[in-house]
Amino acid sequence: EDFDRATVYVSNMTMDPDRDVSVFETTIRVLGGLLSAHALSHNDVFKSKAVELANGLRPAFTSPLPCGHVNLYWGSARQDFAVNLAEIGTLQMELWYLSKITGNPFWNAYGEGVIQALRNQSSVFETALHFPGVYSTMVDRASATPNNFNVKFGGGGDSFYEYLLKMWIIQRDNNQLASAQMYRQMYLSSARTLVRHFIKRDGKGNAYIAEWDAQSLTFSTRMEHLTCFAPGMLALGYYHNVSSNATEMEEHLSAAKQLADTCLLMYTKFNIAPESVSFSANGMDIADGHNYQRPETAESLYLLWKVTGEQRYREAGWTVFRKIEQFLKVDGGYTSLEDVSSDPSPTNRIDEMKSFLLAEAFKYLYLMFVDDNSMADRDHINLHRYVFNTEAHPLPPLTPVEQ
């Protein structure tokens, strides 16, 4: 009943507001949501609206690297000089599935072309950044070369690396595809650099992912909550055997577990997880005390629970849920916080509720606790039948992966 009402609402939506919108956010949230609803329901209302929206975004896709913003009403794109790595590298799943269901090859070809343009400059990035497989958080749009010297697995970089893995998973049914091999090789190169060089430890032994400044040749001691997607990414790569080297896969899973412990500590050491933390000989401390209802830790705990079956990840998920209920819940919804070290009084609250709290955090927590046996087989949302986009919208791969 609720879904039927929502379907009618979507069928009456217009997709052309007269304002600039983020191509990245619109793709992962709105286009991804429409495509996922179509994948799960097979209702062509969602397909039709997805095509309508994608056509509105198309002015951003007229050069090898996309623009960051487009006006859906006027069809005009902002001609950015530099673009964000995560934003240009987190369109590929959605565009691939759009080509699959419409038969129009343009969408997938464009998304794949963005990654190919970056790969073609991989030696330039490696020379500038001093590590293989990683890319600067800002990229020159004309040349697809570094626009700064910062490497992050947090905001600005995160989902680019995530989609390298997920695009291989989606296409792994046909490993002879050049694109499948490209995504796999690029992911493994980045994951190896992450595990071998970017994971550091503080004085208490907590593992964290450092940020790299290639200009000053220094690693920072700061990690964002956004970076807490990485344990789940590494666990997912292990689950799908992205490397044929069993020892390497065990190394990645071990890193995932250690990083997840640190992400959980962000919830247990403070009232609730802050936006970012810093590390020193004395352990973890708050760097940015805001809380914006981030979902990344819930995501990684869900994936580790599914990959390992270890009950402690379910228990950790319950801890995260209770913290959200205790510190963020208000009449009518949930709130962000100005400072996690203070009590959640009205003066400490930010009057907003993020869409990803529902789309991601609560979805992953629900799936962590739902009994698979209580669901009809065709409705199983699991790791061999679906791949989640970065906003937790499940999309099916070419064919289901063998369990």
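The following refers to the structure shown. (Residues numbered from 1 in each chain as written. Predicted model: local features only at pLDDT ≥ 70, side-chain atom pairs only at ≥ 80, totals over all residues. Heavy atoms only, no water.)

## A short note on the overall build of the chain
Turning to step 1, where the next piece is worked out: On a plain count of helices and strands, the chain comes out with 14 helices and 19 strands.
Turning to step 2, where the next piece is worked out: Principal-axis analysis of the C-alpha atoms gives the chain an extent of 55 × 55 × 45 Å.
Turning to step 3, where the next piece is worked out: Out of the 403 residues belonging to the chain, those deemed buried represent 55%.
Turning to step 4, where the next piece is worked out: Roughly 16800 Å² of accessible area belongs to the chain as shown, and the carbon and sulfur atoms make up 49% of that amount. (Helix = DSSP H or I, 4+ residues; strand = E, 2+ residues; numbered from the N terminus. Buried < 20%, exposed > 50% of the residue type's maximum accessible area, 1.4 Å probe, protein only. Areas by Shrake-Rupley, 256 points an atom, 1.4 Å probe, with all protein chains shown as cover.)

## Side note on the sheet that holds strand S12 (residues 276-280)
Turning to step 1, where the next piece is worked out: What the three strands build is an open sheet, ordered S11-S12-S13; its pairing is antiparallel. Edge strands, defined here as strands with exactly one partner in the open sheet, are strand S11 (222-224) and strand S13 (283-288). Between one strand axis and the next, the sheet turns through 30° on average, direction left out of account.
Turning to step 2, where the next piece is worked out: Where S11 and S12 come together, three bridges link them in antiparallel fashion. Each bridged residue has a counterpart across the sheet, and for methionine 223 the counterpart in S12 is valine 277. (Pairing = 2+ DSSP bridges. Axes fitted to C-alpha atoms, helices over the stretch in contact; angles between N-to-C directions.)

## Some words on the sheet that holds strand S6 (residues 150-151)
Turning to step 1, where the next piece is worked out: Spatial ordering of the open sheet is given by S6-S9-S10, a layout of three strands whose pairing is antiparallel. Each edge of the open sheet carries a strand with a single partner, namely S6 and strand S10 (218-219).
Turning to step 2, where the next piece is worked out: Bridge count between strand S9 (residues 212-213) and S10: two bridges; the pairing is antiparallel. Bridge pairing in S10 links tryptophan 212 to phenylalanine 219.

## Considerations on the state of the cysteines
Turning to step 1, where the next piece is worked out: Taken as a whole, this structure holds one disulfide when the rule is applied.
Turning to step 2, where the next piece is worked out: There is a disulfide in this structure between cysteine 228 and cysteine 263, and the S-S distance comes to 2.1 Å. Taking the sign of the torsion about the S-S bond as the criterion, the disulfide between cysteine 228 and cysteine 263, at about -100°, is left-handed. Pair noted here: cysteine 228 is in the loop between S11 and helix H10 (230-239) and cysteine 263 is in helix H11 (residues 246-268), with a separation of 35 residues, a long-range link. (Disulfide = S-S within 2.5 Å.)

## Remarks on the packing of aromatic side chains
The geometry of an aromatic ring pair comes down to the distance between the two centres and the angle between the two planes.
Turning to step 1, where the next piece is worked out: Inspection of every chain in the model, using the stated rule, returns 25 aromatic pairs.
Turning to step 2, where the next piece is worked out: Ring geometry for tyrosine 73 against tryptophan 74: centres 5.0 Å apart, planes inclined by 85°, an arrangement best described as edge-to-face.
Turning to step 3, where the next piece is worked out: Ring geometry for phenylalanine 198 against phenylalanine 219: centres 5.1 Å apart, planes inclined by 85°, an arrangement best described as edge-to-face. You can see phenylalanine 198 sitting in helix H9 (residues 178-198) and its partner phenylalanine 219 sitting in strand S10, a full 21 residues away along the chain.
Turning to step 4, where the next piece is worked out: We classify phenylalanine 219 as partly exposed; its relative accessible area is 27%.
Turning to step 5, where the next piece is worked out: Of the aromatic side chains, those joined through ring pairs into one cluster are Phe125, Phe131, Tyr135, Phe153, Phe160, Tyr161, Phe198, Trp212 and Phe219.
Turning to step 6, where the next piece is worked out: Here arginine 58 stacks its cationic end above the ring of tryptophan 107, 5.4 Å away from the centre of that ring.
Turning to step 7, where the next piece is worked out: Above the plane of the ring of phenylalanine 219 lies lysine 200, whose end atom (NZ or CZ) is 4.1 Å from the centre. (Phe/Tyr/Trp six-rings, centres within 6.5 Å; stacked < 30°, edge-to-face > 60°. Lys NZ or Arg CZ within 6 Å of the ring centre and 35° of its normal.)

## Overview of the packing of H11 against helix H13 (residues 311-327)
Turning to step 1, where the next piece is worked out: As a packed pair, H11 and H13 sit with axes 10 Å apart at the nearest point and diverge in direction by 30°. Between H11 and H13, the interaxial angle falls into the category roughly parallel. The interaxial crossing formed by H11 with H13 has left-handed handedness. For the pair H11 and H13, contact is made by Lys257, Asp261, Leu264, Tyr267 and Thr268 and by Arg312, Tyr313, Ala316, Thr319, Val320 and Lys323, respectively. (Parallel < 35°, antiparallel > 145°, perpendicular 65-115°, else oblique. Left-handed = near helix turned anticlockwise from the far one by under 90°. Contact = heavy atoms within 4.5 Å.)

## Topic: the side chain of aspartate 80
Turning to step 1, where the next piece is worked out: Its location among the elements puts aspartate 80 in the loop between strand S3 (76-77) and strand S4 (82-84).
Turning to step 2, where the next piece is worked out: Among the polar contacts listed, one links the side chain of aspartate 80 to the backbone nitrogen of glycine 68, at a separation of 2.7 Å. (Polar contact = N/O pair within 3.5 Å; in protein donor to acceptor, adjacent residues only side chain to side chain.)

## Thoughts on the pairing of S12
Turning to step 1, where the next piece is worked out: By the bridge criterion, five bridges tie S12 to S13 in an arrangement that is antiparallel. Paired with valine 277 across the two strands is isoleucine 286, which belongs to S13.
Turning to step 2, where the next piece is worked out: Counted between consecutive antiparallel strands, the loop separating S12 from S13 contains two residues.

## Considerations on the nonpolar core
Turning to step 1, where the next piece is worked out: Core analysis: the largest hydrophobic core is formed by 130 residues, its most contacted members being Phe61, Phe160, Tyr161, Tyr187, Ile209, Leu234 and Ile324.
Turning to step 2, where the next piece is worked out: Per-element tally for this core: the top contributor is H9, with ten residues.
Turning to step 3, where the next piece is worked out: Setting aside its immediate chain neighbours within four residues, phenylalanine 160 contacts Leu85, Ala86, Gly89, Thr90, Ile115, Leu118, Tyr135 and Met186. (Core = buried A, V, L, I, M, F, W, Y, C linked by side-chain atoms within 4.5 Å.)

## Some details on the packing of H9 against H11
Turning to step 1, where the next piece is worked out: Following both chains from N to C, one finds H9 and H11 inclined at 55°, their axes separated by 11 Å at the closest point. As summarised for this structure, H9 and H11 are arranged oblique, according to the angle between their axes. As for how H9 packs across H11, the hand of that crossing is left-handed. Here Leu188, Ala191, Arg192, Val195 and Arg196 of H9 lie close against H11, whose contacting residues are Glu248, Glu251, His252 and Ala255.
Turning to step 2, where the next piece is worked out: Residues of the contact of H9 with H11, tallied by class, amount to four nonpolar, one polar and four charged. (Nonpolar A, V, L, I, M, F, W, Y, C, P; charged D, E, K, R; others polar.)

Taken by themselves, the reported measurements are silent on function.
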